[in-house]
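# A closer look at the structure
Residue-level listing of the chains:
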Amino acid sequence: MSQPFSGNRRALLKLLGLTLLATQVPVTANSLPLLKPRRLNPGDTVGLISPAGLVDQKTLDEIAPILSQLGLKTKLGTHLFDQYGYLAGQDVDRAADVNAMFADSSVQAVLAMAGGWGCNRILPLLDYELIRQNPKIIIGYSDVTSLLLAIYTHSNLITFHGPLGTSTWNWFSIQHLQRILFDGAAMTLQNLLSTPVETITKGKARGRLVGGNLSLVAALVGSDYLPDWQNSILFVEDIREEVYRIDRLLTQLKLAGILDQVAGFIFAQCTNCPAGEANEPSLTLRQVLADHIKPLGIPAWYGSMIGHIQDKFTVPIGGMIEIDAERGTIRLLESVVI
């Protein structure tokens with residue numbers, strides 16, 4: 001007896017497999033309109049959460065007066081001071097605080113209090129549709145990179161790489177945060193003269209700004225929590241990583257095809273990133289950047305004031321920008337809040 005589908009069985013199975021796969025593809029930034037959160041105003045309430053590492057009362061006592069001087073009230077996450085080893089509580093509780101702050105109509109913005117480690121663990125527990133239906137500012141950096149990228153990718157909400165609750169809230173950092181999140185300024189971010197930039201490849205480029213801590217970006221490779229990189233501007237920063245590790249992380253992005261898709265590249269600050277042990281051979285960070293980034297032929301530079309430093313920019317993940325690699329500037333092409 002003949003078997004009508006035997007000759008095309010492989011093709012049929014492939015078709016069925018692709019159909020099944022298509023039903024499982026997550027909603028990402030490409031398939032939804034971009035959302036901008038509402039700007040901050042005096043009298044607004046900021047929700048304080050601990051999505052990663054531990055937070056203590058001393059940190060709260062230091063940040064609360066600063067937020068008050070900005071005219072902001074605070075609301076504490078239910079599990080703000082929880083502890084589970086080196087984490088600020090169980091995964092389900094830390095995720096619940098994120099979801100709760102977005103669901104709470106009395107809260108206009110969300111501030112992550114600390115980095116460390118832990119945000120990757122809660123990404124599958126977040127309600128991205130809830131977040132999309134209640135768009136608001138969320139800000140942080142370091143390990144919070146994962147949270148910012150996941151929300152941008154699955155809710156298509158612009159998020160903000162900027163100070164944590166544990167950061168140094170000095171004049172420079174506060175001024176930039178106010179101009180972008182309160183005033184909605186489409187401003188140009190340019191380093192202080194005391195922090196020069198080093199051009200890797202001259203030129204200008206436009207695209208959506210995406211990135212954060214290099215270690216965390218690399219840790220998400222292979223997951224569905226990273227956005228479409230095509231024609232984006234990638235920025236990265238890191239701390240306490242020896243140069244060979246930076247080499248390894250950039251190699252991972254290269255092998256994953258990410259570096260070949262971006263239109264521009266910014267390596268911000270690498271704080272306390274030694275070349276290696278004394279008397280051991282090592283490449284310099286500049287050599288590693290030349291090896292990986294120079295061949296791409298895209299506008300790129302090193303040294304932007306983003307990352308684990310006291311004076312830091314607030315930058316929008318998902319915001320449309322133009323970079324000038326010779327001047328080391330990031331120009332917002334439009335307001336990133338409404």
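Our subject is the structure that appears above.
Each value, and the rule that gives it
All residue numbers refer to position in the chain's written sequence, counted from 1. Only residues with pLDDT of at least 70 get local features here, since the model is predicted, and only at 80 or more are side-chain atom pairs given and counted; chain-wide, interface and lining totals rely on the full set of residues. Here the side-chain values reflect all heavy atoms present in the structure, with hydrogen atoms and water set aside. Only DSSP runs of H or I covering at least 4 residues are called helices, and only runs of E covering at least 2 are called strands; the numbering of each starts at the N terminus. Here, expected helix span is obtained from the residue count minus one, scaled by 1.5 Å. Three exposure classes are used, based on accessible area relative to the maximum for each residue type with a 1.4 Å probe and protein chains only: buried under 20%, partly exposed in between, and exposed over 50%. Throughout, a residue-residue contact means that at least one pair of heavy atoms, one from each residue, lies within 4.5 Å. Any N or O atom pair separated by 3.5 Å or less is treated as a polar contact, with the protein-specific requirement of one donor-capable and one acceptor-capable atom, and with residues adjacent in sequence counted only for side-chain atom pairs. Cysteine sulfur pairs qualify as disulfides if the two atoms are within 2.5 Å. Two strands are said to pair when DSSP picks up at least two bridges between them. Here the axes come from fitting lines to C-alpha atoms, over the contacting stretch only for helices, and the angles between their N-to-C directions go from 0 to 180 degrees. In this scheme Phe, Tyr and Trp rings, the latter by its six-membered ring, pair at centre separations within 6.5 Å, and the angle between planes marks the pair as stacked below 30 degrees, edge-to-face above 60, and tilted otherwise. With the strands aimed away from the viewer, a crossover counts as right-handed if its path from the first strand over the helix to the second runs clockwise.

End to end, helix α7 (residues 171-182) covers 15 Å across 12 residues, agreeing with the expected 16 Å (1.5 Å per residue, within 8%). Of all the residues in α7, the buried ones are F172, S173, I174, H176, L177, I180, L181 and F182. Of the surrounding elements, those touching the buried residues of α7 are α2 (57-69), β4 (137-140), β5 (159-161), β6 (188-190) and β14 (329-332). At the C-terminal side of α7, G184 shows a positive phi close to 65°.

Within the element layout of this structure, E322 appears in strand β13 (residues 320-324). The class of E322 is buried, set by a relative accessible area of 16%. As for E322 and K204, which are separated by 118 residues in sequence, their C-alpha atoms are 6.9 Å apart. Apart from the residues lying within four places of it in its own chain, the contact partners of E322 are K204, A205, R206, T329, I330, R331 and L333. At 2.9 Å, the side chain of E322 forms a polar contact with the side chain of R206.

Turning our attention to the state of the cysteines. In total, this model carries 1 disulfide according to the counting rule given. In this model C270 forms its disulfide with C273; the gap between the sulfur atoms is 2.2 Å. On the sign convention where negative means left-handed, the S-S torsion of about -80° between C270 and C273 marks this disulfide as left-handed. A single burial state applies to C270 and to C273, both of which are buried.

Attention now goes to the pairing of β13. Counting buried residues in β13 gives 4 out of 5 residues, a clear majority hidden from the surface. In this sheet, β13 lies alongside strand β8 (residues 204-213) in antiparallel orientation, the contact comprising 5 bridges. Among the inter-strand pairings, K204 is bridged to a residue of β13, identified as D324. The pairing of β13 with β14 spans 4 bridges and is antiparallel. Pairing of E322 across the sheet is with R331, part of β14. Counted along the chain from β13 to the antiparallel partner β14, the turn is 4 residues long, and its residue G328 has a positive phi close to 70°.

Another point: the environment of A96. Inspection of the secondary structure assignment puts A96 in helix α3 (residues 91-103). Taking the relative accessible area as the measure of exposure, A96 reaches 35% and is therefore partly exposed. Taking the C-alpha atoms as reference points, A96 and E322, separated by 226 residues in sequence, lie 36 Å from one another.

A sheet is described by the order of its strands in space; here 6 strands give the open sequence β2-β1-β3-β4-β5-β12, paired in mixed fashion. Looking at the sheet topology across the chains shown, the edges are occupied by β2 (73-76) and β12 (315-317). The average angle at which neighbouring strand axes cross in this sheet is 30°, direction not considered. The sheet contact formed by strand β1 (residues 45-49) and strand β3 (residues 109-112) spans 4 bridges and is parallel. In the sheet register, V46 faces β3, and the bridge partner there is A109. Against the sheet, α3 engages β1, β2, β3 and β4, with an angle of about 170° to β1. Sheet contacts for helix α6 (residues 145-155): β4, β5 and β12; angle to β5, the most-contacted strand, approximately 155°.

The subject of this paragraph is the sheet that holds strand β7 (residues 198-201). To summarise the sheet geometry, strands pair through backbone hydrogen bonds and adopt either a parallel or an antiparallel arrangement. Spatial ordering of the open sheet is given by β6-β14-β13-β8-β9-β10-β11-β7, a layout of 8 strands whose pairing is mixed. Single-partner strands in this sheet number two, and they are β6 and β7. Taking the axes of each pair of neighbouring strands and ignoring which way they run, one obtains an average angle of 30° across the sheet. Pairing of β6 with β14, which is carried by 3 bridges, proceeds in the antiparallel orientation. Counted as the bridge partner of L189 is I330 from β14.

The subject of this paragraph is the packing of aromatic side chains. In total, this model carries 4 aromatic pairs according to the counting rule given. Put simply, the rings of F265, F267 and Y302 touch in pairs and so form one group of aromatic residues.

So, on to the pairing of β1. Among the 5 residues of β1, 5 are classified as buried, and the element is accordingly described as predominantly covered. By the alternation rule, side chains of β1 split into T45, G47 and I49 and V46 and L48, which are all buried. By the bridge criterion, 4 bridges tie β1 to β2 in an arrangement that is parallel. Residue L48 lies in a different strand from β2, and its bridge partner there is L76. For the crossover that starts at β1, traverses α2 and ends in the parallel β2, the hand is right-handed.

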